[in-house]
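Chain by chain, the residues run as shown.
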Amino acid sequence: MIISRQLSGLALAGLFLGLSLSAHALSPSAQTGADIRRTGFGVPHISAQNERGLGFGIGYAYAQDNLCLLANEIVTVNGERSRYFGPQQLTVEERENRVSDLFFTWLNTPQAVQAFWQAQPAEVRDLMQGYAAGYNQYLAERRPQGLPQQCQGDWVRDISAQDLVKLTRRLLVEGGVGQFAEALAGATPPQASARIADDARAYRVADLHMQRFALDRGSNAVAVGSERSFNGRGMLLANPHFPWVGGMRFYQMHLTIPGKLDVMGAALPGLPVINIGFNRHLAWTHTVDASKHFTLYRLQLDPKDPTRYLLDGQSVPMSKQTLTVQVKQADGQVVPVTRDVYSSQFGPVVQWPGKLDWDNQYAYSLRDANLGNDRVLTQWYAMNRAADLKTFQDSVHKIQGIPWVNTLAADDKGQTLYMNLSVVPNVSADKLARCSDPRAGQQMIVLDGSRRECAWDIDPKAAQQGIYASGQLPQLLRKDFVQHSNDSAWLANPAQPLTGFSPLISQEGQPLGLRSRFALDRLASLGKQGTLSVQDLQAMVMDDQVYLATQLMPDLLKFCDASADGQALKAVCADLKAWDGRADLDAGLGLVHFQNIMQALQEAPDTWRVAFDPRQPQTTPRGLAVERPAVAKAVGEAMQASAESVAKMGLPAQARWGDVQVATSGAHHTPIHGGPGTLGIYNAIQSVPREDGRLEVVSGTSYLQVVTFDDNGPHAQGLLAFSLSSDPQSQHSKDQTEAFSKKQWSVLPFTEQQIKADPQYRSQTVRDTADKAGKVAAQ
């Protein structure tokens, strides 16, 4: 599509929030606009004179590529899915609509949304209002020609900045109460008639999602400094592993306000800032951290009333909030359905059958630190504008808006930075010892809700009550490297271990994940050969090495040589011997069998030959103890089960991994390399079984960037693995996916010269009018 630089006669939409949000409406004479210039793969470079115009350009461009995706997410965060689609259907996250609606009605109350909005500085408000207006303008232009097939219905509407606040609040609680939607919506006092029956399937799915949180939203990152880089400047590899569908799907863009902002990278839907990216002087990325962002409180209930709890010996009533959602009935009528949510002073009561039961003795409240984080957008906008690494670091120290991720950065001077400066409850190791039940372990912190002394501590230096001040959190500034792959902060660089923190922040002495071990092993190996190049960092992802195979394949093959009996086991062993230990497209059934065997062995005890030793964290545990009869028996059974599974999938003997794991856009299937991060595959890809025997990619490597610097600024190569557009009819719905499949990185144009020289360069100017904004405001 060729778009002219000047388009006259466009009817451009504005926005008015109404009520408390109206104070920041545009004046009648104001006009804003943006230039949207697109380069290869349709990547938009959006330029405007101010934040309102920039936001308008972002919303307009995003709607061009992902109109239906954002419309669907707006329905979700407004708690309106049951109204339009019925209560039984499932969201993208496989959550029942009625549960989703109750949760978001609870989360995004008018009071909470208003408080968040009022906390935003004028620049952020302008960005959000502009974004909504730009989206609405494109929606108005698109309606006459018909909306895309996946979003035809009365649920598609104009949006407001209020809707974008709700999207942002959803993002904030992803690492906390957002994982407990079923437990919150289903919590019912004992003896009360439950209005939502316990759904065993829903809780199983929720449990699986909780276990996989760091996999579906995990990441790898490596920042290389002057002592290790090829040119003595900083280098950064960003490899976030995020969902390929839904409200956590990244969008690639370049944002410019002359003299104020020039940043490129990726952002989540509805956010008018770059989450992961680079500017002229530095590059940064995030990895999901291992810190705790919520705690549970066990409430000791009043024996006379299970909706009252004892606090320092006094009976205190729970508060009760009645939620109402509109539910479409089988006959098409929409009726209101109410549900009561109870809360203690520590947060909402959650009920998880068999885990967090609400009986006549105990109930459980959940306190999520990020519910009080209204600084997240301000934080990212400050990072986007940082002119040097110190300014970047200082902004995170001061604002403390990072919700549940680590931050790694490198700059043009050759410095690297690791920060585990997210929002963490202020619970010291001493308080944890006094207030938690040691039998509960530390995977999920459960504090004593019967004593006020067990409330989170307040540090006046922290940006928010009840969280740790930034000076108490792990950080590391080095000139060799820092790396992270979702473990604790402990060994971001083994030369300088980070120790001595509260278990809620970071824990040392715990086994490293296999991706971390792979990264440290690869970096050590490359260090022996000299400095690191761009190609070295790219290869960490793209060579698809299965790190666990390097540790265990010799033992598996030893088992095959000594113990493989029967045709099925011999066939599995033959496939394993033929496999090269990588998750490439041309990998044979050996990769499928290895995955199946490793998954089965997770349930078997004491399979490692050498157990984990905290004194040797990079090399232990190791070895598969096939010489032990119990382990050999488990391996044989796992191989037999894998043979049966492959037969059930209908995979022929010559099947390739690229025939098995695919990404679908419309009727097109793109083969995808990579595999489960639990196997130590740096290019972590999560896929789920399909009815045809294939595996459909749902999350994993998403936005890739490798950034270096010289005297002329940044040089970046990257890919958005699932492509820019979620509309199957778009020319940009699968182009980058095909490039990712072929391991073809793209140069990311950043300078004016690079942008205009791009063979796919095209430009559009879009403008908002105060007249349209006034009409919207008057409604």
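Calculation criteria
- Residues numbered from 1 in each chain as written.
- Predicted model: local features only at pLDDT ≥ 70, side-chain atom pairs only at ≥ 80, totals over all residues.
- Heavy atoms only, no water.
- Helix = DSSP H or I, 4+ residues; strand = E, 2+ residues; numbered from the N terminus.
- Rg over C-alpha atoms; globule rule 2.2 N^0.38 Å.
- Buried < 20%, exposed > 50% of the residue type's maximum accessible area, 1.4 Å probe, protein only.
- Contact = heavy atoms within 4.5 Å.
- Areas by Shrake-Rupley, 256 points an atom, 1.4 Å probe, with all protein chains shown as cover.
- Lys, Arg positive; Asp, Glu negative; His and termini not counted.
- Charge placed at Lys NZ, Arg CZ, Asp CG, Glu CD.
- Disulfide = S-S within 2.5 Å.
- Pairing = 2+ DSSP bridges.
- Phe/Tyr/Trp six-rings, centres within 6.5 Å; stacked < 30°, edge-to-face > 60°.
- Expected span 1.5 Å × (residues − 1).
- Arc of directions from axis to C-beta.
- Axes fitted to C-alpha atoms, helices over the stretch in contact; angles between N-to-C directions.
- Parallel < 35°, antiparallel > 145°, perpendicular 65-115°, else oblique.
- Nonpolar A, V, L, I, M, F, W, Y, C, P; charged D, E, K, R; others polar.
- Salt bridge = Lys/Arg side-chain N within 4 Å of Asp/Glu carboxyl O.
- Core = buried A, V, L, I, M, F, W, Y, C linked by side-chain atoms within 4.5 Å.
- pLDDT = per-residue confidence, 0-100.

An unreviewed UniProt entry lists the protein chain under the name Acylase, with Pseudomonas ekonensis given as the organism.

Within the protein chain, the secondary structure is distributed over 22 helices and 30 strands. What you see for the protein chain is a C-alpha radius of gyration of 26 Å, in line with the 28 Å of a compact globule of 779 residues. Based on the C-alpha atoms only, the size of the protein chain along its principal axes is roughly 85 × 75 × 55 Å. Taken over 779 residues, the protein chain has a buried fraction of 61%. Counting only contacts in the protein chain whose residues sit at least 6 apart along the sequence, the fraction spanning at least 24 positions is 70%. Here the protein chain displays about 29900 Å² of accessible surface, and carbon together with sulfur accounts for 49% of that area. Charge separation in the protein chain, taken as the distance between the mean sites of 72 positive and 76 negative side-chain charges, equals 2 Å.

Attention now goes to the state of the cysteines. All told, the structure shown has 3 disulfides when counted by the stated rule. Put simply, C68 and C151 are joined by a disulfide, and their sulfur atoms are 2.1 Å apart. Its torsion about the S-S bond being -50 degrees, the disulfide of C68 and C151 is classed as left-handed. You can see C68 sitting in helix α1 (residues 51-77) and its partner C151 sitting in the loop between α5 (122-142) and α6 (161-172), a full 83 residues away along the chain. Each member of the pair, C68 together with C151, is buried.

Glancing now at the pairing of strand β12 (residues 319-328). Two elements, β12 and strand β13 (residues 334-344), share 10 bridges in a ladder whose sense is antiparallel. Pairing of Q321 across the sheet is with V341, part of β13. Taking the residues between adjacent antiparallel strands as the criterion, β12 and β13 are bridged by 5 residues, where G332 takes a positive phi near 95 degrees.

If you trace the backbone, R434 turns up in helix α12 (residues 429-435). R434 sits 20 residues away from C454 along the chain, and the two C-alpha atoms are 8.1 Å apart. Sequence-distant contacts of R434, that is, excluding residues within four places in its chain, are made with R451 and E453.

As a further point, take helix α3 (residues 97-107). Judged by how many residues are buried, α3 sits mostly within the fold: 10 of 11 residues are covered. Every buried residue belonging to α3 is among N97, V99, S100, D101, L102, F103, F104, T105, W106 and L107, and all of these are buried.

Applying the stated criterion to the full structure yields 21 aromatic pairs. With centroids separated by 6.4 Å and ring planes inclined at 55 degrees, the aromatic side chains of Y84 and F85 adopt a geometry described as tilted. Classification of F85 by relative accessible area gives buried; the value is 19%. Here Y297 and F346 contribute two aromatic rings whose centre-to-centre distance is 3.9 Å and whose plane-to-plane angle is 10 degrees, an arrangement assigned as stacked. Placement of the pair is Y297 in strand β9 (residues 294-302) and F346 in the loop between β13 and β14 (347-350), with a sequence separation of 49 residues. Connected via pairs of aromatic rings, a cluster forms that spans F56, Y60 and Y138.

The end-to-end C-alpha distance of helix α16 (residues 567-578) is 17 Å, a good match for the 16 Å that 12 residues give at a rise of 1.5 Å each. Of all the positions in α16, only L569, V572, C573 and L576 are classed as buried. Taken end-on, α16 shows its buried residues confined to a sector of 100 degrees, consistent with a single buried face. In α16, the exposed residues that point more than 90 degrees away from the buried face are Q567, K570 and A578. Buried residues along α16 sit in contact with α15 (547-563), α17 (589-601) and α18 (629-649).

What follows deals with the pairing of strand β8 (residues 282-288). For β8, the tally of buried residues reaches 7 of 7 residues, placing the bulk of the element in the interior. Because side chains alternate across β8, one face comprises the buried residues L282, W284, H286 and V288, and the other comprises A283, T285 and T287, equally buried. Where strand β7 (residues 276-279) and β8 come together, 2 bridges link them in antiparallel fashion. Residue F278 lies in a different strand from β8, and its bridge partner there is A283. Count of turn residues in the β7/β8 antiparallel hairpin: 2 residues. In terms of strand pairing, β8 meets strand β16 (residues 405-411) through 7 bridges, oriented antiparallel. Paired with T285 across the two strands is L408, which belongs to β16.

This part takes up the packing of α5 against helix α10 (residues 376-385). Remark: α5 packs on α10, axes separated minimally by 10 Å, with the N-to-C direction vectors making an angle of 100 degrees. Here α10 runs roughly perpendicular to α5, going by the angle between their axes. Contacts between α5 and α10 involve E123, V124, L127 and M128 from the first element and L377, T378, Y381 and R385 from the second. The residue makeup of the contact of α5 with α10, split by class, is 5 nonpolar, 1 polar and 2 charged.

On to the pattern of salt bridges, then. Scanning the model with the defined rule gives 35 salt bridges in all. Between R95 and E182 there is a salt bridge, with its nearest N and O atoms 3.1 Å apart. With R95 in the loop between α2 (81-85) and α3 and E182 in helix α7 (residues 181-185), this residue pair connects regions lying 87 residues apart in the sequence. A residue is classified by how much of its surface remains accessible, and R95, at 14% relative accessible area, is buried. Across the pair D561 and K577 runs a salt bridge whose closest N-O atoms are separated by 3.1 Å. Of this pair, D561 sits in helix α15 while K577 is found in helix α16, placing the two residues 16 residues apart along the sequence. Of the residues examined, D561 reaches a relative accessible area of 59% and is grouped as exposed. We classify K577 as partly exposed; its relative accessible area is 47%. One network of salt bridges, with partners in common, ties together E51, E123, K260 and R385.

Let us now look at the nonpolar core. By size, the foremost hydrophobic cluster in this structure holds 236 residues, and its most contacted members are F392, F594 and M639. Among the elements that take part in this core, α1 stands out by supplying 15 residues, more than any other. The contact partners of F392, leaving out residues within four places of it in the chain, are L282, W284, M383, A386, T407, A409, L417 and M419.

Positionally, V376 belongs in helix α10. Excluding residues that lie within four positions of it along the chain, V376 makes contacts with F116, T168, L172, G401 and P403.

When the pLDDT values of the protein chain are averaged, the result is 92; 92% of them are 70 or greater. In the predicted structure, residues 1-30 sits below a pLDDT of 50 and forms 74 contacts with residues beyond four places in sequence or in another chain. Taken as a whole, residues 770-779 scores under 50 in pLDDT and shows 13 contacts with residues more than four places along the chain or in a different chain.

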